[in-house]
Amino acid sequence: MASQIEKKLTPSRILIYATLLLACVAYLIPVFIMIITSFKTTGDIRSGNLISFPEVWSFEAWAKAWSTACTGVQCNGVSGFFWNSIKMAVPAVLISTALGAINGYVLSKWRFRGSDIFFSLLLFGCFLPFQVILLPMAATLGKMGLANTTTGLVIVHVVYGVAFTTLFFRNFYVGVPDALIKAARLDGAGFVTIFVRILLPMSVPIIMVCFIWQFTQIWNDFLFGVVFASGDSQPITVGLNNLVNTSTGVKEYNVDMAAAMIAALPTLVVYVLAGKYFIRGLTSGAVKG
Amino acid sequence: MAQLQLKGIRKTYGNAVQETLKGIDINIESGEFLILVGPSGCGKSTLMNSIAGLETVTEGSILIDGRDVTNAEPKDRDIAMVFQSYALYPTMTVRENIAFGLKIRRMPKEEIDAEVERVAKLLQIEPLLDRKPSQLSGGQQQRVAMGRALARRPKLYLFDEPLSNLDAKLRVEMRTEIKRLHQRLGTTIVYVTHDQIEAMTLADRIAVIKDGELLQLGSPKEIYERPSCRYVASFIGSPAMSFIPLTVESDGGNLRASLRSADGEQIYVPLPETLAAYEGKEIHLGIRPEHITQPLAHKAGQEATSSGKFRIEVTEPTGPDVMALIKINDTEVHCRLDPDHTVDPGEPAELMIDLSRAVYFEAGKEARIDI
Amino acid sequence: MAHSGVVSETASQPARGRLTQRLQQWLPKLALAPTAAMALVGIYGFMFWTGVLSFTGSTFLPSYEFVGFEQYAHLFSNARWATACANLAIFGLLFIFCCLVIGCFLAILLDQRIRNEGVIRTIYLYPLALSMIVTGTVWQWILNPSLGLEKLMHDWGWTSFKFDWLTNPDMVIYTIVIAAVWQASGFVMALFLAGLRGIDPAIINAARVDGASLPRIYLRIVLPAMRPVFFSSVMVLAHIAIKSFDLVMAMTSGGPGYASDLPAMFMYSFTFTRGQMGLGAASSIMMLAMLLALLVPYLYSELRGQRNG
């Protein structure tokens, strides 16, 4: 009976669909504007308006944003920053995920006196306002000779990302029945064998969640990038911000938008391909965080 | 096969006040099928985990074939366990599941293959060997879990409520299967369940545990007929044993007691001489449903039987029997009638009470009076 | 033979067994050690260090000449800090309120067995995959006083339309609210939708059988059951608000003047561009205090609820 009601398009249901669609438009329009603007020429921007299509679709702005736009005193586009972000994000994601997996395994299946307290203390790292650690971290990186290096950024992202990855893995492994661990122990497997042979093969979904969450966080980070990096190690977000806020010359919104697209594309692609895992990470991070 | 000795096992969790196990002593003979039974939370699973080495005991010792394994790691005890949730490794095929323990013990590959084949044949799971656990039904998973345990040919098998997750029909089938396997392989088995029918049908001996204490250890027949205490008496058997309060009277040297029906009719039943010490006192008579029946010709006139009219309160036909509820001395009592013997709820019926298997308890005390 | 095996086993087992056993016992703790060290130093050690710095007169470089609460006194008499805090109050409250209303509303609509729900949900959530810097850049362009929304409206014939919030010191903070709500409201929608899906349909059916209307069911049964989702959403949003830095940086750089400053901006510019490290440290400790003021009561009620439940 219920399904019969559902299929009829009553006025109230039309209203619901209309509202939902309107919201879709509202969410989509900024990126739509970003895309069409990035394909406009400078003259096109003056003559058209926000949502008018380009007269001619031009890749000029993209090319300029990538290789010749000024980001402060240098005018080499954002390409260098883009590669810096890759060099920073990939190792940071891998290391923080690996650590999170091991921590989650211990905190769910090999709990000891004090391990729960340790977990709570670690979780606070998810809530930490990072401003409160910026100064000591900068000083420490300086002492270690890692100031303004990609390695330094990787370390920072691992230190403050591991709280999230541990949370993900711990909550996932709590759902794995303890009997499985008992069975493996009776089969003669120890700490390492159980993890490698039994748990890791089951962890593909949560590894995906972790990869995507960490990649998005690290790629999109601005604070650590602007504080701990300079010149040749700065990530794309800093590059984009420098480009947009460089006050020399005429403001070129098409180049700004193209650069913003370049900065947004990797995470957008990941989101489109694996949005399911992204949303899972988002909600599970929030509910328990 | 091996012998298992549990000596004074005590266990207290962390900083808990209450002991989970309060000194358990059991000797399990080689090839014996021992069932640990009790209500949930009684400590039977803790005891099982302690035998397996998955939990440490606070006091006492565990010996397998005379070797003290109290502090040994699970893998060094040569024990296999079948879990309620089966605990099959979800990313491995059935074959890999069975072979896992053998691989870890570095058995040569040909021997592993041969062993997997042997076990698969024994349990008739050969067609399933290359499937993943998620592709199997509950009963098939159960078989694989047993196969994994059998493959290592351990000294001792532990079964932790292995049938609880199966539906009623499959449970009966698997029960028979386990019994057949035990008879064929002569393995030593410790089996935990809260299902008293499983306990009665499978066990060589049953250990009834409650609140961390061993209440009684004996054969199913002993447990059923001579329960050590009120709790065991009511725990084993369904419907449960009824307890009727009565006063021991003397009638010219013979002991007797009066039973009053709900309609006020009274009959006298003879009591054994050994109750003489309780003359004039109230005691409780424990009687099982099958000993209150319609009049049976072959029992009529025997010393321990007596008859009377009792009003039937409720009837519950089960097919082979009709379970009926009557009132004796203001206490509800179950009886088991023949379905051909028609009785109507609310109407009185002539019933025969056979006290030859009855047991007696002092009022307000747990232990059975030894007669 | 079997006998001798047993004997030799019992003889050698304890020594070797104890060693591997001890190793097995230590392995889990050993595995946690790197993270424990990182957390101890990176979270708690550095927090303490910043606390220490906030009591010193540090400027461009850390110095350890203690000045007591002087930096805090400076902070509270600083007009720019006052603006930043007032802005945070406006921004935080509006941002949380709008996200909750929009998110909850969309979640309820999406819960009406909508066709293509997955696609719609994906659209509502994609802004979260973007960097705040990207969001800020885009909205800076959309709200551009001469070429953005204003020009669009003029083109459409509404020539008197004027939209200069981005350069208007009184209104600029609201532009940041708009961009932030656009980015984060989908997240609240996802949380509420997950919460709605967690409600036992039998309860709703029971209410239907009792004759309750759909709006009534939502008001009296469903929304009250969303209390935990509501509180965790508020916590996450408040956390985002307090930490907000990138968005302001990209949209306004705190301007015009310091009209759109937030505490995080304040902390950054005083510490790293104006060389007043002690004052910056004090401001970051105040941010931590704000967060704890929210987090502690929340966790307290959570834990109490768990104990009672």
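Analysis parameters
Residues numbered from 1 in each chain as written. Chains lettered and ligands numbered in written order. Predicted model: local features only at pLDDT ≥ 70, side-chain atom pairs only at ≥ 80, totals over all residues. Heavy atoms only, no water. Disulfide = S-S within 2.5 Å. Buried < 20%, exposed > 50% of the residue type's maximum accessible area, 1.4 Å probe, protein only. Contact = heavy atoms within 4.5 Å. Buried area = accessible area lost by both parts, 1.4 Å probe. Salt bridge = Lys/Arg side-chain N within 4 Å of Asp/Glu carboxyl O. Polar contact = N/O pair within 3.5 Å; in protein donor to acceptor, adjacent residues only side chain to side chain. Nonpolar A, V, L, I, M, F, W, Y, C, P; charged D, E, K, R; others polar. Phe/Tyr/Trp six-rings, centres within 6.5 Å; stacked < 30°, edge-to-face > 60°. Helix = DSSP H or I, 4+ residues; strand = E, 2+ residues; numbered from the N terminus. Domains from an automatic or database assignment.

**What to know about the state of the cysteines**
All names here are of chain A.
Item 1. According to the stated counting rule, one finds one disulfide over all chains in the structure shown.
Item 2. A sulfur-sulfur distance of 1.8 Å marks the disulfide that ties C70 to C75. An S-S torsion of about 90 degrees defines the bridge between C70 and C75 as right-handed.
Item 3. Residue C75 is classed as partly exposed on the basis of its relative accessible area of 33%.

**Observations regarding the interface of chain A and chain C**
Item 1. Across the boundary between the two partners, chain A contributes 83 residues, which contact 86 residues of chain C.
Item 2. Buried area between chain A and chain C, summed over both chains or domains, comes out near 7700 Å², and the portion from carbon and sulfur atoms is 77%.
Item 3. The tally of links between chain A and chain C comes to zero salt bridges.
Item 4. Taken together, chain A and chain C are joined by 25 residue pairs in polar contact (both at pLDDT 80 or more).
Item 5. Of the residues that constitute the side of chain A that touches chain C, the class distribution is 62 nonpolar, 17 polar and four charged.

**Considerations on the packing of aromatic side chains**
Item 1. For the structure on display, the rule yields 47 aromatic pairs over all chains.
Item 2. Each ring, one from B:F243 and one from B:F361, has its centre 5.5 Å from the other, and the planes form 70 degrees; the classification is edge-to-face. Residue B:F243 is located in strand β11 (residues 242–247), and its partner B:F361 is located in strand β21 (residues 359–362); the two are separated by 118 residues in the primary sequence.
Item 3. Between C:Y126 and C:W182, the aromatic rings sit 6.1 Å apart at their centres with planes inclined by 85 degrees, giving edge-to-face as the arrangement. On the criterion of sequence distance, the pair formed by C:Y126 in the loop between α4 (117–125) and α5 (132–142) and C:W182 in helix α7 (residues 172–197) is long-range, its members being 56 residues apart.
Item 4. Overall, the relative accessible area of 7% leaves C:Y126 in the buried class.
Item 5. One aromatic cluster in this structure is built from A:F32, A:F39, A:F53, A:W57, A:F59 and A:W62.

**Comments concerning unusual backbone geometry**
Item 1. Each neighbour pair has its own omega, and for B:S238 with B:P239 the value is -5 degrees, a cis peptide bond.
Item 2. Within the element layout of this structure, B:P239 appears in the loop between α8 (230–235) and β11.
Item 3. At C:S253, a residue that is not glycine, the phi angle is positive and equals roughly 50 degrees.
Item 4. On the secondary structure map, C:S253 appears in the loop between α11 (246–251) and α12 (263–273).

**Here we look at the domain arrangement of chain C**
Interface size is commonly expressed as the accessible surface area that is lost when the partners come together.
All names here are of chain C.
Item 1. By domain assignment, chain C separates into domain 1 (8–53) and domain 2 (70–308).
Item 2. The straight-line distance from the C-alpha centre of domain 1 to that of domain 2 is 40 Å.
Item 3. Contact residues are listed per partner, giving four residues for domain 1 and five residues for domain 2.
Item 4. Between domain 1 and domain 2, roughly 360 Å² of surface is buried when both sides are summed, and carbon and sulfur atoms account for 79% of that area.
Item 5. When the buried area of domain 1 at its contact with domain 2 is split by residue, M47, T50 and L53 rank highest and sum to 87% of it.

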